[in-house]
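# Observations on chain architecture
The residues making up each chain are set out below.
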Amino acid sequence: MTYKRSLTIEICGSSGDRSLAAGEILIKTLSDIGYHVISFDAYPAEIRGFGKTVAHMRAGREIMLSLSSKVDILVSLNDRYAIEQLKNLNDEGVVIFDNRQRDITYEVLQQDEGQTDKHHLGPGVYTEEEGWKEITSEQVSIAGHLGPGMYLYGVPLYQLSQKTTNESRSRNIVVLGSVAALFNIPKNEFIGNLTAKLGKKDKSVDSVVAAFEEGYNYVRENVVKLDPYSFERLSVDRKGYKLMDGNKAVAQAAIDAGCKLYAGYPITPATKIMEVLFAELPKHGGAVVQTEDEISAIGHVTGAGFAGVRAMTATSGPGFCLMTEFIGYNVMSETPVVIVDSQRGGPATGLPTKTEQSDLNHALFGGNGDTPRIVVAPTSVKECYQWTAEAFYLAEKYQMPVIVLIDLFLSLSVRNVQLDPLPDYKKGSNKLPSQEDMKLYLRQKITDDGVSPRSLPGQENGYQVVSGLEQNEYGTPVYDEYSHTVMTQKRFRKIKTALDHDVPSPERIGQKGRVKLGVISWGSTAGAVADAVDSVLKEGKSVAMLKLIVINPLKEKEIQAFLDDCEKVLVPELNYQGQFANWLSIHFQQKFLRFNKVATRPITHDEIEAEINRLLKE
Amino acid sequence: MHTLHGRALPVASGAKLARPELTVLALVGDGDGLGIGAGHLPHTIRRNPDITCVLFDNAIYGLTKGQTSPMTPQHQITRSHPMGNPDPKMNPVLLALSYGAGYVARGFAGAPDEMQRLFEEGIRHKGFSFIHIMSPCVTFDKVNYLYDNLRSWVRLLPAGYDSTNLDRAFEIARGVELFTGLIYSKPSLEQGAR
Amino acid sequence: MQKKSLKYVIIGDGHAGNSAAETLRKGSPGSDIVIISTKPTHYFDHSLLATFLLDKKDITSLYVYPYTWYKDNNIRLRLNQTVTKVIPDKHELILSHNERVYYDRLLIASGAKPKLPESLSRYKSLLTVFTDAVDAMKLREKLGTFRHVTMVGGDCIGLHLAGAMLKLGKSVTFVLNEYNFWPLEFDETVKDKLIGCLKKKHIEVIADDMTTEIVKDGTRLNVLTKNGKIVKTDLAFLTSGMVPNIDFLDGSGIDVQTGILVDEYMHTSAQDIWAAGECATVYYPELKDYRQTTGEVNAKMLGNISAKNMLDEKRAVSLAEPGKITIEGEDFITYGWKGFSIDI
Ligand SMILES: Cc1cc2nc3c(=O)[nH]c(=O)nc-3n(C[C@H](O)[C@H](O)[C@H](O)COP(=O)(O)OP(=O)(O)OC[C@H]3O[C@@H](n4cnc5c(N)ncnc54)[C@H](O)[C@@H]3O)c2cc1C
Ligand SMILES: Cc1ncc(C[n+]2csc(CCOP(=O)(O)OP(=O)(O)O)c2C)c(N)n1
Ligand SMILES: [Mg+2]
């Protein structure tokens, strides 16, 4: 790549054009030749609308944790939809389009745009040589919509697809060939990935490879490349890397951390976690249940936790709300459960297919009573793996609910990651009763660290009663001032113990010592902040960031030390109220500058960069 | 009004209580009415508000793209059960009868005239009416509720069928044949809705 | 000033097209202006092509305007797109990717392409053309691979190119045919003077002859002439003058001869269609006759005049000032070309 730190590519089509499949092959190939990649596709929200589908990916030499606002290369498999994407294309971006397409949009235009100019739509032209030819109109051909600095390359995708595979559905493959030729992407890797993807199930592999070659050769022979973009093979080995999204990482972590029961109810964007586990967990001796609702899902998980088994459920906002009563129950009954909440736009059913970070309040505060719980929020796909695994460890060790807050962006964006193996000691963390304890077993025994030894059901002499009622050490329901006070203290003491023993100091990135601007961030937005800080540091700016993964409990001393180093502190996040900034404000005197968006898409690194630069100038 | 997933019945009941002069329908899905919202069904039937509940059953979770629903047949492969659904499906008509619903019918999306008739009767029925509609999901169900399949499965109720006979209704509901039409309707004297 | 806002479409992103666009924009701030061009490159200055070969500058150094100029002037640029048909009755153009484009008023400024003499058409693939930025880019990439070049025919483009070749240390042969140094004012005395000057520059000139055959000889070429001469060379450039680029008007009903026939107001025989620049054959009241036009000066002037007429400001053409081309201190007259010198 000669021109920029990273390039963003979009392949845009309608749902039948198989643009997502093309995108998958493309990022796999870019990853194989040494690039860091991150992809985040957009597809029709309602299955009913067979609408716009966009494979969106960013690739670069350095690690990237966020998306860019601008696209550099736009591949159009459907001009009408791609025209809408032009607004995101950088002023010197590239457009690749089908310059011999059959007009499929002609009737549609007449139907759903009502008023159409009779000049722009007509029956087509008839010539002796070519017969009846349908013609696209100006509104629906992308060729007339580019900015003056953009590069337009036409490839006869439809014709080449017909020629090689006898059908128009391979336009997505032809265009991959063209992309390879235009941007110097090594051909062999591409073809390898192509055949691997189609391979076994498709007898027509040869004709598909031919489609790719046609697209490649057409560009080599006919297109004059003027744009500056190119990928060449990098001399880095990414063999140990796997392409996966956050959902997959969460599911993998559950398997590797020894989760033995998953219960869930379908909900976007968390459903995939259940689907992966349905296929994989039974192979590892675990069970998966699809329940009738989320109350039942967390009920199942609670039962499994009580039985001494690691268990998890995953959901999104509306389902998370249904689980609320059980969160309190798990606190009261001291039952370990792991709840993954993949946040989407809210409130209520909200924006099922759009990302947001607005469940933080609910994760921290949801429920009645004084309800301590551990809340962790991974910032990348890799951390989705690490911290889901960690959640099992913490839940079991501290006998309480641990909430893993991710979001739709993390759930669905695919990246190439190398997962570190989990340390063995984290695989079993029950505090089991000693022989001494078993003489007179107290399930809710008051201890210094707040954690009571836990007998597991069926253990001899380990008789216990747990419930959602306040209790004394024996587990007998009691409602007196003394018991409620010491028991509440005990439950909060566990959080303190966890803080001292198991919560790492938040990572500080950027300039050491005093800085003009500090940025504190959480969740997937921290990825954008990391990318932005990285690039402003290269410009020599005085900036540092603190990345918080454990949101409750907070490492107050370390955070205070960071605040003391900063002239100003910015807290960007993807919600309207500044839920995280509010949370910090409870704990620190600092005035936090906020940067809030409800953008329905992830915050991009360039938006953060612009905000950092603005604040530095002020 | 689109309520929350599973919560149409309580919301519809509330609307009817607040404005009795309104005609109120609660349209629910199979996942919706028999899964997440199933707990509301017996109690709505017990309270017998004058509303009509239509359960659009496509035997799949359509909106979330094809997971098993409470109406998915046992062993069917779905997105969430790649090895096949381990559990048998539910029987909504039998459920509604057992809970004591005063109007219970079944229709098929491929027979719109009959559906229309059932809707009209159901709305006219004083008290809670329950209509189970089998309605293919053409996107995510490629094996079970196909129009062709359903067309060959459904049967019209036998000639002279007496829809006020509860015992017959139970027989019909328990049987393996998929009868469509008005399966049970409480004689009007006993209707007395709130 | 136009009352109604019209859609002006211009075929051609050269001197004529761009000066017309500029004039149209000034005269009609609210109208739609679209330029369509086959070339993937932007509007560039042809007279810089030779020096482009001599340095390492980016192709954008040839561009007359930065692309932001089009943005600022709200002119829509459609590069890398070819018009294949004009349908005057419907006010429509058809583009090669099967798109129809509507216009209210159309300017055809499609320029010219190298003339390929009938007798040489079989050797097309062995001939190199040098007419635009992409040709220059490709030639620059292979500068290291040749030492001797032959100009097949003599025209000003050949002279322009020869100047650069000499500076690059290449040797040059001209094989002149009947298209002698298009478009110079030319007669026998001028011819002798010109050949003399070229020879002083150590350019070999084979005059009063013509290329009949080109044969591959390993990696090199043999250029054979009517008089039996064989020129061993590395590259044979087609420099036999230019002909208007008007093939796409076939069947449109627009009157053409060598170029598109326009009256003194640059209007063609079809309603709402004008033509300007090297593609046009223009009626000059001064001459009481038609003349094929060429050169940057002409193209700009004619583009501007046609735009005025498209804006309903009636404006008739007049002949351009002559320009001169300088070789070894001697000047040669050309009409419409902005002059150049191949002396250092
Ligand atoms: C190497 C070289 C050097 C020169 N040096 C000089 C010089 O020093 N001084 C001088 O005065 N003159 C010079 N000229 C001549 C001068 O450049 C031309 O006379 C002048 O460019 C003509 O301008 P124009 O606008 O008519 O056409 P052009 O500049 O040729 O533009 C024609 C445009 O039409 C477009 N086009 C053609 N057909 C189609 C179609 N079917 N669909 C869409 N678009 C189409 C092309 O893409 C192009 O943009 C030189 C020419 C060359 C080739
Ligand atoms: C509390 C909650 N959990 C999960 C969801 C996600 N969700 C939306 S619709 C649906 C299933 C719909 O199935 P069904 O009721 O059969 O209707 P269909 O889409 O098949 O018509 C689910 C799980 C939600 N909206 N709210
Ligand atoms: Mg359903």
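Residues numbered from 1 in each chain as written. Chains lettered and ligands numbered in written order. Predicted model: local features only at pLDDT ≥ 70, side-chain atom pairs only at ≥ 80, totals over all residues. Heavy atoms only, no water.

### Overview of the site of ligand 1
Residue and element names in this part refer to chain C. By nearness alone, 35 residues border ligand 1, and Ser37, Glu278, Gly295, Glu296 and Lys338 come closest of all. Asp13 has a polar backbone atom sitting 2.9 Å from an oxygen atom of ligand 1. Here a nitrogen atom of ligand 1 and a backbone polar atom of Val83 are 2.9 Å apart. Compared with its free state, where it exposes 990 Å², ligand 1 has 95% of that area covered by protein. Those elements giving two or more residues to the shell around ligand 1 turn out to be helix H1 (15–27), strand S2 (32–37), helix H5 (156–167) and helix H7 (296–310). For the shell around ligand 1, the two domains that each supply at least three residues are domain 1 (7–111 + 245–310) and domain 2 (114–242 + 323–334). (Near = heavy atom within 4 Å. Polar contact = N/O pair within 3.5 Å; in protein donor to acceptor, adjacent residues only side chain to side chain. Areas by Shrake-Rupley, 256 points an atom, 1.4 Å probe, with all protein chains shown as cover. Helix = DSSP H or I, 4+ residues; strand = E, 2+ residues; numbered from the N terminus. Domains from an automatic or database assignment.)

### Section: the pairing of S2 of chain C
Residue and element names in this part refer to chain C. Burial runs high along S2: five of the six residues are buried. By the bridge criterion, five bridges tie strand S1 (residues 7–11) to S2 in an arrangement that is parallel. Pairing of Ile10 across the sheet is with Ile35, part of S2. With respect to chirality, the unit in which S1 leads through H1 into the neighbouring parallel S2 is right-handed. In this structure, S2 lies alongside strand S3 (residues 75–79), joined through five bridges in parallel fashion. Bridging across to S3, Ser37 finds its partner in Leu79. (Buried < 20%, exposed > 50% of the residue type's maximum accessible area, 1.4 Å probe, protein only. Pairing = 2+ DSSP bridges. Right-handed = clockwise from strand over helix to strand, strands pointing away.)

### Concerning the coordination of the magnesium ion (ligand 3)
Residue and element names in this part refer to chain B. Within the first shell, the magnesium ion (ligand 3) binds the protein through Asp30 (OD), Asn58 (OD1) and Ile60 (O), at distances of 1.9 to 2.2 Å. Along the chain, the residues donating to the magnesium ion (ligand 3) fall in the pattern D-x27-N-x1-I. For Asn58, a relative accessible area of 16% corresponds to the buried category. Judged by its relative accessible area of 2%, Ile60 is buried. (Donors = N, O, S within 2.8 Å, 3.2 Å for Na, K, Ca; no water.)

### A few points about the sheet that holds strand S18 (residues 414–417) of chain A
Residues and elements named next belong to chain A. Taken in spatial order, the eight strands make up an open sheet running S9-S5-S4-S1-S3-S2-S18-S10, and their pairing is mixed. Of all strands in the sheet, those with a lone pairing partner are strand S9 (151–155) and strand S10 (242–245), marking the two edges. Averaged over all neighbouring strand pairs, the angle between strand axes comes to 20°, with direction disregarded. Pairing between strand S2 (residues 36–39) and strand S3 (residues 52–60): four bridges, direction antiparallel. Each residue of the ladder has a partner; that of Ile38, found in S3, is Arg58. (Axes fitted to C-alpha atoms, helices over the stretch in contact; angles between N-to-C directions.)

### Structural notes on the domain arrangement of chain C
All names here are of chain C. Taken domain by domain, chain C comprises domain 1 (7–111 + 245–310) and domain 2 (114–242 + 323–334). The distance between the C-alpha centroids of domain 1 and domain 2 comes to 28 Å. Residue-level contacts link 18 residues of domain 1 with 19 residues of domain 2. Contact between domain 1 and domain 2 buries roughly 1400 Å² in total, counting both sides, with carbon and sulfur atoms accounting for 75%. Among the residues domain 1 hides against domain 2, the three largest losses belong to Leu49, Leu53 and Leu54. Together they make up 40% of the total. Inspection of the domain 1/domain 2 interface yields zero salt bridges. Where domain 1 touches domain 2, the interface holds four residue pairs in polar contact (both at pLDDT 80 or more). Considered class by class, the residues forming the side of domain 1 that touches domain 2 number nine nonpolar, four polar and five charged. (Contact = heavy atoms within 4.5 Å. Buried area = accessible area lost by both parts, 1.4 Å probe. Salt bridge = Lys/Arg side-chain N within 4 Å of Asp/Glu carboxyl O. Nonpolar A, V, L, I, M, F, W, Y, C, P; charged D, E, K, R; others polar.)

### What to know about the site of ligand 2
Around ligand 2, the structure places 19 residues, and the nearest of them are Pro266 and Glu294 of chain A together with Asp30, Asp32 and Gly62 of chain B. Mapping the residues near ligand 2 onto chains gives chains A and B. A distance of 2.4 Å separates a nitrogen atom of ligand 2 from a polar atom in the side chain of Glu294 of chain A. Separating an oxygen atom of ligand 2 from a backbone N or O atom of Ile60 of chain B is a distance of 2.9 Å. Its free accessible area being 590 Å², ligand 2 has 85% of it covered by the protein chains. Secondary-structure elements contributing two or more residues to the shell around ligand 2 are helix H11 (317–322) of chain A together with helix H2 (30–36) of chain B. Among the elements that make up the shell around ligand 2, the one with the highest residue count is H2 of chain B (four residues). Of the residues that constitute the shell around ligand 2, the class distribution is nine nonpolar, seven polar and three charged.

### Some words on the interface of chain B and chain A
Between chain B and chain A, the residue contacts involve 18 residues of the former and 20 residues of the latter. Between chain B and chain A lies a buried interface of about 1500 Å² when both sides are counted; carbon and sulfur atoms form 60% of it. The largest contributions to the chain B side of the interface with chain A come from Ile36, Lys65 and Ser80 of chain B, which together make up 26% of the buried area. Here chain B and chain A share one salt bridge between them. For Glu275 of chain A, the salt bridge is made with Arg79 of chain B, and the minimal N-O distance between the two is 3.3 Å.

### Quick word on the packing of H1 of chain C against H7 of chain C
Residues and elements named next belong to chain C. Viewed as axis vectors pointing N to C, H1 and H7 meet at an angle of 35°, and their least axial separation amounts to 7 Å. The way H1 lies across H7 gives a crossing that is right-handed. In this structure, H1 uses His15, Ala16, Ser19, Ala20, Thr23 and Leu24 to contact H7, whose residues at the interface are Glu296, Ala299, Lys300, Gly303, Asn304, Ala307, Lys308 and Met310. Partitioned by chemical class, the residues of the contact of H1 with H7 number six nonpolar, five polar and three charged. (Left-handed = near helix turned anticlockwise from the far one by under 90°.)

### Notes on the nonpolar core
Grouped together as the largest cluster of nonpolar side chains are 99 residues, with contacts concentrated most on Leu26, Leu30, Ile96, Phe183 and Ile185 of chain A together with Phe174 of chain C. For this core, the leading source of residues is helix H5 (residues 171–182) of chain A, giving eight residues. Excluding residues that lie within four positions of it along the chain, Leu30 of chain A makes contacts with Ile9, Tyr35, Val37, Ala59, Ile185 and Phe231 of chain A. The next biggest cluster of nonpolar side chains, apart from the first, holds 53 residues, and it includes Tyr43, Tyr65, Leu93 and Trp274 of chain C. (Core = buried A, V, L, I, M, F, W, Y, C linked by side-chain atoms within 4.5 Å.)

### Re the pairing of strand S1 (residues 24–29) of chain B
Residue and element names in this part refer to chain B. Of the two faces of S1, the one holding Val24, Ala26 and Val28 is buried and the one holding Leu25, Leu27 and Gly29 is not buried anywhere. Relative to strand S2 (residues 51–57), S1 is paired through six bridges, and the arrangement is parallel. From the neighbouring strand, Val24 faces S2, where its bridge partner is Ile51.

### Examining the sheet that holds strand S20 (residues 515–522) of chain A
Residue and element names in this part refer to chain A. Judged by pairing direction, the sheet is mixed, and its five strands sit side by side in the order S19-S21-S20-S23-S24 without closing on themselves. Only two strands of the sheet have a single neighbouring strand rather than two, namely strand S19 (507–510) and strand S24 (593–596). Going from strand to strand, the sheet's axes swing by 25° on average, the running direction of each strand aside. Strand direction decides the pairing type here: S20 and strand S21 (residues 543–548), joined by six bridges, are parallel. Within the sheet, the bridge partner assigned to Trp522 lies in S21 and is Leu548. In the packing of helix H20 (residues 579–587) onto the sheet, the strands contacted are S20, S21, strand S23 (566–573) and S24, and the crossing angle to S23 comes to about 135°.

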